[in-house]
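Fold and geometry: a report
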Amino acid sequence: MEELRIKEVCPTSTLELIKRNYLLLDVREKKEFNQFSFDVPRVLHIPMSALAVRMNEIPKSEKVIVASLKGERSLQVVHLLHDYGFDNLLHMKKGLSKWVQKGYPIKGETTIEEKSCCRGESKCK
């Protein structure tokens, strides 16, 4: 059995590919997703824990970028989906945390390693 060669993309490349109609598959759990998520046109949210029962929602004919918070779960999902015959997959390395760090669009409130803007002033949350 040959070793799977995973194609990886960084958040910057991911942003460009989304503009070219790639689908972004966010595999974080529901609580994480509800707190904050990618703010891009085509996001499919299927938690890793629900993947087995919802895999049929992922279009095999489309190019899909798989993402998680730091890239660990999404890497596992790419391997799993490949075993089920998906071959148009890209893995977003370093995940949503790197996406946020780069200042790319998100929905919701993020708590990921953001630099404090107000240096302890009371108006900060």
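Data block above holds the structure.
We now turn to the structure provided with this report. This one's a predicted model, so the numbers in the text were calculated from it and none came from an experiment.

Moving on to the pairing of strand 5 (residues 64-67). By the alternation rule, side chains of strand 5 split into V64 and V66 and I65 and A67, which are all buried. As judged from the four bridges shared by strand 2 (residues 23-26) and strand 5, these two strands associate in the parallel manner. Within strand 5, the residue paired with L25 across the bridge is V66. Bridge analysis of strand 5 against strand 6 (residues 89-92) gives three bridges, and the strand direction is parallel. Within strand 6, the position partnered with V66 by the bridge is H91. Regarding the hand of the β-α-β motif, the stretch spanning strand 5, helix 4 (residues 72-83) and strand 6 is right-handed.

Basis of the calculations
Residues numbered from 1 in each chain as written. Predicted model: local features only at pLDDT ≥ 70, side-chain atom pairs only at ≥ 80, totals over all residues. Heavy atoms only, no water. Buried < 20%, exposed > 50% of the residue type's maximum accessible area, 1.4 Å probe, protein only. Helix = DSSP H or I, 4+ residues; strand = E, 2+ residues; numbered from the N terminus. Pairing = 2+ DSSP bridges. Right-handed = clockwise from strand over helix to strand, strands pointing away.

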